[in-house]
Amino acid sequence: MKFKEWFQWFKEVPWAVKWFVILILLRPIIDNFYKLKEVSPFLSPLNIVGALTPVLIFLSVISNKLSVKSRSGVAIYFFIFGFIVIVNWVILDILFPDIDTIGNSIKAVTPPLLLFYLMYVIRSQRDLHGMLVTFLYSGIYMAGMLFYEYIFGSISGITLTEGRGGGERFTGVYNDMMNYAIYISGAMLIGSYFYLRNIYSMSKSKNYTLKFAIIIAICVMGLVGIKHVATWGVCFALFCLLALFNLKNFKGFFVLLFASGIFLIFFGESFYQKQIEPLIGKEINVASGDYASEGGLNGRIGRWERYFDVWFNDMPWYSRFLGVATSGNHISLVMCGAGMHNDYVRNLFTAGIIGLVFYIVFLLLILYRSMYFKAPEKFLIVGSIVMVLLYSVSTVPLAYSSLIYFMLSIFSFALLPVKKAYLIQPWKMKKVKKRNRFQPAIHQPTQPAQLSS
């Protein structure tokens, strides 16, 4: 989608959609002000946007500007999971009323509300492209900040310990490197998708290969700068997936394979020793038995073990099925929070075994539905599931707004009937020009009256 096409789409969509597009564009700038929470929670733009998002979703859905299209019943699995999450956070808000608790509850209940909203917004492939291109445009700000840090050094001044590879870690002015990581992996996924669409298209654009190469170069630069193992894993998985889907284009696949081979031959060993091995060295030592297992995944395994002891021994049986908030235990606030650094664990504690099962089933059914779409869209859907599954091992993807904005847009597209997904549906029908009132009307000649016999 070229800028002219995107801008035409943006002009067409009603304000019930425009506010969300503008929010995606401004999100990297809004996230700059995370530390204003420490001054006052009421001055933080993140808190204000977080509180307004459910309100704007509600007002948009009840307006007459949106109308839900027929969808797959797969969405009900995510909504059941979301309902259990909402119930648990309402219980926490009642038992432990606090500004931080309310803020975390709003963040936790946003994903199911957002998917419900996007089921009204994403009506065809054109709407999906509009959202994906919006995300790429918003990433220009992140790319500029990344270039700045490469030239002048880390803004935050954060350095890694020797056990994590040493050197500076780029986080910009954000709270953590996941703000960069989301845009790096997201650009990798979306850029690869449009690259595949260009390959499978009858009218191929010669310029897009160069554009895609620029996107990949920025992504690699970001990976080196943020030094985040999970994002390295996600991007490597997406690259392998791209190579698999690019098999039809033998020339493109050969070029991709040749470029990768040249890189590995001349820079592979040095790159691994300087970038990869320092980051995973600790995990290798844990796997080999040199370190205690509690130190695995940068100490996360030990943390999970402690909270699972509470889950098994200090909570009633029904809390393990319905969520830890039903136990009334104050430690539930921590167990339902982002501090778990694992979305499987966090969702298990928050929604219980029942909720987690519904969530996993939803992801698997979305994966199954991808089989019915064309190859580029299949890659996009499969790639988004891969991102969620891999990131969920060591972080909490559903808690990051910038990630769920484009991820749930893809899921909403996957829920469309395949035939309708590829139909172009403009938001505004072209108005027929009114006839000049001074111009005489053109009448069709009438049939001569038949003579009566």
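Parameters at a glance
Starting afresh in each chain, residues are numbered from 1 along the sequence in its written order. Since the coordinates come from a predicted model, pLDDT governs what is reported: local features require at least 70, and pairs of side-chain atoms require 80 or more to be given and counted, while whole-chain, interface and lining totals use all residues. Neither water nor hydrogens contribute to the side-chain values; these are computed over all heavy atoms in the structure. Helix and strand labels come from DSSP, where a helix needs a run of H or I of at least four residues and a strand needs a run of E of at least two; each type is numbered from the N terminus. Here, expected helix span is obtained from the residue count minus one, scaled by 1.5 Å. For every residue, the accessible area obtained with a 1.4 Å probe (protein chains only) is divided by the maximum for its type, and the residue is called buried under 20%, exposed over 50%, and partly exposed between those limits. As used here, the term nonpolar core means buried Ala, Val, Leu, Ile, Met, Phe, Trp, Tyr and Cys residues forming a set that is joined through side-chain atoms within 4.5 Å. Whether two residues are in contact is decided by their heavy atoms: any pair within 4.5 Å suffices. Confidence of the predictor at the level of single residues is given by pLDDT, which spans 0 to 100. Put simply, two rings from Phe, Tyr or Trp (the six-membered ring, in Trp's case) pair if the centres are within 6.5 Å, and we call them stacked under 30 degrees between planes, edge-to-face over 60, tilted for the rest. Two thresholds decide whether a charge sits over a ring: the Lys NZ or Arg CZ must be within 6 Å of the ring centre and within 35 degrees of the ring normal. Counting of polar contacts relies on pairs of N or O atoms within 3.5 Å, with two restrictions inside protein: one atom must be capable of donating a hydrogen and the other of accepting it, and residues adjacent in sequence are counted only when both atoms are side-chain atoms. The term salt bridge refers to a side-chain nitrogen of Lys or Arg lying within 4 Å of a carboxyl oxygen of Asp or Glu. By convention in this document, the label disulfide applies to cysteine sulfur atom pairs within 2.5 Å. To get the bend at a residue, fit one axis to the 7 residues ending there and another to the 7 starting there, then take the angle between the axes. Fitted lines through C-alpha atoms serve as axes, helices being fitted only where they are in contact, and the angles separating the N-to-C directions of these axes extend from 0 to 180 degrees. Throughout this description, any angle smaller than 35 degrees is read as roughly parallel, any larger than 145 degrees as roughly antiparallel, any in the 65 to 115 degree range as roughly perpendicular, and the remainder as oblique. Left-handed describes a crossing whose near helix is turned anticlockwise from the far helix through less than a right angle; right-handed describes the clockwise counterpart. In this classification, Asp, Glu, Lys and Arg are treated as charged, Ala, Val, Leu, Ile, Met, Phe, Trp, Tyr, Cys and Pro as nonpolar, and every other residue, Gly included, as polar.

Peer 1: Is there a simple way to think about helix 15 (residues 375-394) in this case?
Peer 2: Turn by turn, an α-helix covers 3.6 residues, leaving residues three or four places apart pointing in a common direction. Between its first and last C-alpha atoms helix 15 spans 30 Å; for 20 residues at 1.5 Å apiece the expected length is 28 Å, and the two agree. Most of helix 15 is tucked away, with 14 of its 20 residues classed as buried.

Peer 1: Just checking my understanding: could you explain the nonpolar core for this structure?
Peer 2: Burial of nonpolar side chains together is a common tendency in soluble globular proteins. Counting residues in each nonpolar core, the largest one holds 124 residues, and the members touching the most others are F20, Y117, F406 and F411. Among the elements that line this core, the one with the most residues is helix 7 (residues 178-200), at 15 residues. In this view, F20 contacts L114, Y117, L118, M131 and Y405; residues no more than four positions away in its chain are not counted.

Peer 1: Could you clarify how one ought to interpret the environment of I215 in this entry?
Peer 2: Note that I215 resides in helix 8 (residues 207-226). The spacing of I215 and A187 is 28 residues in sequence and 7.0 Å in space, taken between C-alpha atoms. When residues no more than four places from it in sequence are discounted, the contact partners of I215 are A187, G191 and Y208.

Peer 1: Would you explain the confidence of the model for the chain in this entry?
Peer 2: When pLDDT is low, close inspection of the predicted coordinates is not appropriate. Looking at the chain as a whole, the pLDDT averages 83, with 79% of positions reaching at least 70. The spread of mean pLDDT over the elements of the chain runs between helix 10 (residues 250-288), the lowest at 57, and helix 14 (residues 343-369), the highest at 96.

Peer 1: Sorry, what's going on with the packing of aromatic side chains here?
Peer 2: Here the distance between the centres and the angle between the planes together describe a pair of aromatic rings. One pass over the structure, following the stated rule, counts 36 aromatic pairs. Judged by centre distance (5.7 Å) and plane angle (55°), the rings of F78 and F81 are tilted. In this pair, F78 and F81 are both assigned in helix 4 (residues 75-95), 3 residues apart and thus about one turn of the helix distant. For F81, a relative accessible area of 3% translates into the label buried. By the ring-pair criterion, three or more aromatic residues cluster together here, those being F3, W6, F7, F10 and Y137. A cation over an aromatic ring shows up here: K374 above the ring of Y422, its NZ or CZ 4.5 Å from the ring centre.

Peer 1: Whenever I open this one, the environment of N64 confuses me. Can you help?
Peer 2: Examined against the element boundaries, N64 turns out to sit in the loop between helix 3 (45-62) and helix 4. Along the sequence, N64 and A16 sit 48 residues apart, while their C-alpha atoms lie 9.3 Å from each other.

Peer 1: Would you mind going over the side chain of D343 with me for this structure?
Peer 2: Structurally, the position occupied by D343 is in helix 14. Side-chain polar atoms of D343 contact the side chain of R346, separated by 2.8 Å. Excluding its chain neighbours within four sequence positions, the residues that come into contact with D343 are S392, T395, V396, P397 and L398.

Peer 1: I keep staring at the pattern of salt bridges and nothing clicks. Help me out?
Peer 2: Opposite charge on two side chains makes pairing possible when the charged atoms of those side chains draw close. One pass over the full model with this rule turns up 5 salt bridges. In this structure, E12 and R126 form a salt bridge, with 3.0 Å as the shortest nitrogen-oxygen distance. With E12 in helix 1 (residues 3-12) and R126 in helix 6 (residues 125-152), this pair connects stretches of sequence that are 114 residues apart. In terms of burial, E12 and R126 fall into one category: buried. Here D31 makes a salt bridge to R27, at a shortest N to O gap of 3.1 Å. For R27, a relative accessible area of 8% translates into the label buried.

Peer 1: Sorry, what's going on with the state of the cysteines here?
Peer 2: Tallied over the full model, the rule gives 0 disulfides. Unpaired in terms of disulfides, C235 finds its nearest cysteine sulfur in C219, a separation of 5.9 Å. The class of C235 is buried, set by a relative accessible area of 6%.

Peer 1: What exactly am I supposed to notice about helix 2 (residues 15-30) here?
Peer 2: By the largest-angle criterion, I24 marks the main kink of helix 2, which is about 35°, and a proline, P28, follows within four residues. Buried within helix 2 we find A16, V17, K18, W19, F20, V21, L23, I24, R27, P28 and I30. Looking at the buried residues of helix 2, the elements they touch are helix 1, helix 3, helix 5 (99-121), helix 6, helix 7 and helix 16 (401-414).

Peer 1: Help me understand unusual backbone geometry, please; the structure alone is not making it clear to me.
Peer 2: For residues other than glycine, phi is negative in most cases, and the peptide bonds are mostly trans. Phi is positive for K227, close to 50°, though the residue is something other than glycine. Its location among the elements puts K227 in the loop between helix 8 and helix 9 (229-245). Unlike most non-glycine residues, H341 shows phi in positive territory, near 55°. By the secondary structure assignment, H341 is in the loop between helix 13 (332-335) and helix 14. Residue classification places H341 among the partly exposed positions, given a relative accessible area of 28%.

Peer 1: How do you make sense of the environment of K420 when you look at a structure like this?
Peer 2: Relative to the helices and strands, K420 is located in helix 17 (residues 418-421). Once the C-alpha coordinates of K420 and Q125 are considered, the two residues, 295 residues apart in sequence, prove to be 8.8 Å apart.

Peer 1: Looking at this structure, how should I read the packing of helix 2 against helix 6?
Peer 2: Two measures define how a pair of helices packs: the angle their axes make with one another and the distance between the axes. At a minimum axis separation of 7 Å, helix 2 and helix 6 run at an interaxial angle of 25°. As judged from the angle between their axes, helix 2 and helix 6 are roughly parallel. In the crossing of helix 2 with helix 6, the sense of the turn from one axis to the other is right-handed. Between helix 2 and helix 6, the residues in contact are V17, F20, V21, I24, L25, P28 and I29 and M131, T134, F135, Y137, S138, Y141 and M142, respectively. Of the residues in the contact of helix 2 with helix 6, the class split is 12 nonpolar, 2 polar and no charged.

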